[in-house]
Every structure is written in structure tokens, then in C-alpha cells.
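The lines below spell out each chain.
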Amino acid sequence: MAEILEEKDVLKMLEETEAVLHGHFLLTSGLHSPMYVEKFNVLQHPKYTERLCQEIARRYENDNVELVVGPMTGGILLAHEVGKALGTRAIFTERENGKMTLRRGFQIPAGTRVLVVEDIVTTGGSVKEVMEVVKECGGELVGVGLLVDRSGGKVDFGVRTEALLHLNVETFQPDSCPLCAKGIPFTKRGRTGK
């Protein structure tokens, strides 16, 4: 495995690829935030994606992981690279009729030791849904590997969780967002943040 990657190194990668954006953002969770991590600005670079995933894998290399699962879309890339680093299978979940599920013939045999991976976590909703799929199949959850935990440490998955970067970024309910109160329009996501 590669040399240990520290939080400052991860942050540097995100800054170099312009993956950290500032403005007024509507998050997938429905919350508003003055900061957004545009994961695909870093994930579009295979060398960075591989290196970040090697670090997630390093943290679980002694846990006998047999399968890595991530939610569609960013989780597909992470599951693939973490699985490659650990020498395991890698699959992904996707939504069908609003429910996270396994498709495409993917299976998790009962007793399989599973690592769940995800890119950015704010509320942890998608990870919890993936964990539920794993449990329904009888898989044994080893842990959760994250690229960025932007919950400020509020998310608890009930299993060992390793995040490469911890960000304590304010989020607001739409009806109490100070950015909305000031009339600041939403920032379009993209490479320039405009």
C-alpha cells in the first residue's frame, strides 16, 4: 500500500483540482450551505482518485474486506478503486422507484464482509440506505470509508467510519438560511463555481 495520506494532503488535492467551492449552494440533502465540495473536480483525475482510494483501502487492509459497495454515482468510482486496492469485488447500489437497491445482477452473499464507501457525506442518508441494502442481504458491515465528512462529526453510522477529510461546514434549513435572507442567489455548480 502507498504511504499514509493525511488530511492536509487530501485538502491540497481538493484545492488543486478546484473541488472546494464557495458561494450559496443547495445540497442534495435539501439543506443550504456557503461551501460545496464538487467531488467530480477531483474524481475526474484518475491519479488522484486512485491515491485517495488507496488511503481508504489502507485503513481497512487488515479487516478482511470481501466486497466494497458504493452508491451511484461517485460511489461507483470509489468502490472500484478501493476494491482494486484491496483485491476484492466492487459493486454499487442505485435507486429504483425511489429506493436504494442492487441491480444488474449484483449480489451480496450472506456473511460477506462489506465495506461501504461514499464521496461526500452531509447527513449520511445515502450511506445509511446502502447499509440497509447490505443488512437485508445478510452482509456483515465492516465499516464506512468516506472521501469527505462535511457533517462536522454529526453523522454516526454505528460502525467504524474513516473519512479522509473532515470539514465543519455550516448548513441551513431553507426557511432559516441567512444567504437566502440576504437575497444571494444559488451558485451554479461547475468548474468555475459560476
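About the criteria used
Residues numbered from 1 in each chain as written. Predicted model: local features only at pLDDT ≥ 70, side-chain atom pairs only at ≥ 80, totals over all residues. Heavy atoms only, no water. Helix = DSSP H or I, 4+ residues; strand = E, 2+ residues; numbered from the N terminus. Rg over C-alpha atoms; globule rule 2.2 N^0.38 Å. Contact = heavy atoms within 4.5 Å. Areas by Shrake-Rupley, 256 points an atom, 1.4 Å probe, with all protein chains shown as cover. Expected span 1.5 Å × (residues − 1). Buried < 20%, exposed > 50% of the residue type's maximum accessible area, 1.4 Å probe, protein only.

### As for the overall build of the protein
Consideration 1: When helices and strands are tallied, the protein shows six helices and eight strands.
Consideration 2: Starting at the N terminus, the α and β elements of the protein follow one another as α-β-β-α-α-β-α-β-β-β-α-β-β-α.
Consideration 3: The globule rule puts the C-alpha radius of gyration for 194 residues at 16 Å, and the 17 Å found for the protein is close to it.
Consideration 4: Along the longest, intermediate and shortest principal axes, the C-alpha atoms of the protein span 50 × 40 × 30 Å.
Consideration 5: Within the protein, counting contacts between residues at least 6 apart in sequence, those at least 24 apart form 65% of the total.
Consideration 6: On the protein, roughly 9,700 Å² of surface is accessible, and the fraction owed to carbon and sulfur atoms is 48%.

### Some words on helix α3 (residues 46-59)
Helical geometry: 3.6 residues make up each α-helical turn, so side chains three or four residues apart lie on a common side.
Consideration 1: In this model, α3 (14 residues) spans 20 Å end to end at C-alpha, consistent with the 20 Å of a helix rising 1.5 Å per residue.
Consideration 2: Taken together, the buried positions of α3 are occupied by Tyr48, Thr49, Arg51, Leu52, Cys53, Glu55, Ile56, Ala57 and Arg59.
Consideration 3: Those residues of α3 that are buried lie in contact with α1 (7-16), α2 (39-43), α4 (74-86), β6 (113-121), β7 (140-149) and β8 (161-166).

### Examining the environment of alanine 110
Consideration 1: One can find alanine 110 in the loop between β5 (99-101) and β6.
Consideration 2: Separated by 37 residues in sequence, alanine 110 and threonine 73 place their C-alpha atoms 25 Å apart.
Consideration 3: Ignoring sequence-local partners within four residues, the contact set of alanine 110 consists of Cys137 and Gly138.

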